[in-house]
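Read off the chains here:
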Amino acid sequence: MSKGDKVVVLDFWASPFCARVKIALEEKGVDHVDNEEDIFGKKSELLLKSNPIHQKVPVLLHNDKPVLESSIIVSYIDHVWSSNSLLPDNAYDLAKATFWADFIDKKVFETGRSIWASNGEEREVGTRDFIEVLKHLEEALGEKKYFGGDAFGYVDIIAIPHSAWFLAYETLGGFKIEDHSPKISAWIKRCLQRDSVKNVLPDPEKVYQFVLHFRKMSGLE
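In the annotation of an unreviewed UniProt entry, the protein chain is listed under the name glutathione transferase and assigned to Cicer arietinum. UniProt, in the comment section headed Sequence similarities (unreviewed entry), describes the protein chain in these words: "Belongs to the GST superfamily." As stated in UniProt under Catalytic activity (unreviewed entry), the record for the protein chain gives "RX + glutathione = an S-substituted glutathione + a halide anion + H(+)".

Structural data, given as structure tokens:
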């Protein structure tokens, strides 16, 4: 693409879904501007215009054209800036990657939310469900460095932003991920060695404090 391309991310600092987009852009070496949105207050006219149906972040604006939904945006980035491919070329590997991305989308944040947005027995159930999700992901990772093999790729980008929330899940749920899924724990540390990841992900302690604040606002504390 042209060096004159205008790339803007409508962003929220704590969102793992926004982090996916920024990591993908960093992996591709694409210059971009991140516009922080007040998602709990007055949403910008640009956000409402760009994503009128869901009115949520992230939105990628590429030369003022909006692309929506984080996993779709990551795929779009990989097709537009085609060097250093993130998606597998092989059709079967692509199908597997798409399956696990869908699994992560449907399971990780929601089971995590059932830990931090609840109390008592409901939280205990949520913690068990979350650990079960991690075990499935650990089986998918196996002995590989990354989900796709030796190279950091699409599924890693979809999954790793959620790790910034794991301190909150562990603290509120009373467990350690390393005790239940040591391979996932090692994979997180491996991913955090990449500049694209460590420069994008928020401080887990800051996320934890954000979660505590949200719990208070929701009457859970």
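1. So, unusual backbone geometry
Excluding glycine, a negative phi dihedral is what most residues carry, and trans is how most peptide bonds are arranged. Here the residue pair Val-57 and Pro-58 is connected by a cis peptide bond, since its omega of 0 degrees sits within 30 degrees of zero. Mapped onto the elements, Pro-58 comes out in the loop between helix 2 (45–50) and strand 3 (59–62). Phi at Asn-63 is positive, roughly 50 degrees, even though this residue is not glycine. Topologically, Asn-63 is positioned in the loop between strand 3 and strand 4 (65–68). Of note, the phi angle at Glu-69 is positive, near 75 degrees, even though the residue is not glycine. Position of Glu-69 relative to the elements: it lies in the loop between strand 4 and helix 3 (70–80).

2. A few points about the packing of helix 7 (residues 166–173) against helix 11 (residues 204–217)
Relative to each other, helix 7 and helix 11 sit at 55 degrees, their axes nearing to 7 Å. Here helix 11 runs oblique to helix 7, going by the angle between their axes. Handedness of the crossing formed by helix 7 with helix 11: right-handed. Across from Leu-167, Ala-168, Thr-171 and Leu-172 in helix 7, the residues of helix 11 making contact are Pro-204, Glu-205, Tyr-208, Val-211, Leu-212 and Arg-215. Residues that form the contact of helix 7 with helix 11 fall into these classes: seven nonpolar, one polar and two charged.

3. A look at the state of the cysteines
Within this structure, the stated rule accounts for zero disulfides. Unpaired in terms of disulfides, Cys-18 finds its nearest cysteine sulfur in Cys-191, a separation of 19 Å. By relative accessible area, which is 0% here, Cys-191 ends up buried.

4. Describing the UniProt feature "domain: GST N-terminal" (unreviewed entry) in the protein chain
With numbering aligned to this structure, UniProt lists the feature "domain: GST N-terminal" (unreviewed entry) at residues 5–85. Across residues 5–85 one finds 37% helix and 21% strand; the C-alpha atoms that close the span lie 19 Å apart.

Cut-offs applied
Residues numbered from 1 in each chain as written. Predicted model: local features only at pLDDT ≥ 70, side-chain atom pairs only at ≥ 80, totals over all residues. Heavy atoms only, no water. UniProt positions renumbered as here; feature names shortened; annotations may be inferred. Helix = DSSP H or I, 4+ residues; strand = E, 2+ residues; numbered from the N terminus. Axes fitted to C-alpha atoms, helices over the stretch in contact; angles between N-to-C directions. Parallel < 35°, antiparallel > 145°, perpendicular 65-115°, else oblique. Left-handed = near helix turned anticlockwise from the far one by under 90°. Contact = heavy atoms within 4.5 Å. Nonpolar A, V, L, I, M, F, W, Y, C, P; charged D, E, K, R; others polar. Disulfide = S-S within 2.5 Å. Buried < 20%, exposed > 50% of the residue type's maximum accessible area, 1.4 Å probe, protein only.

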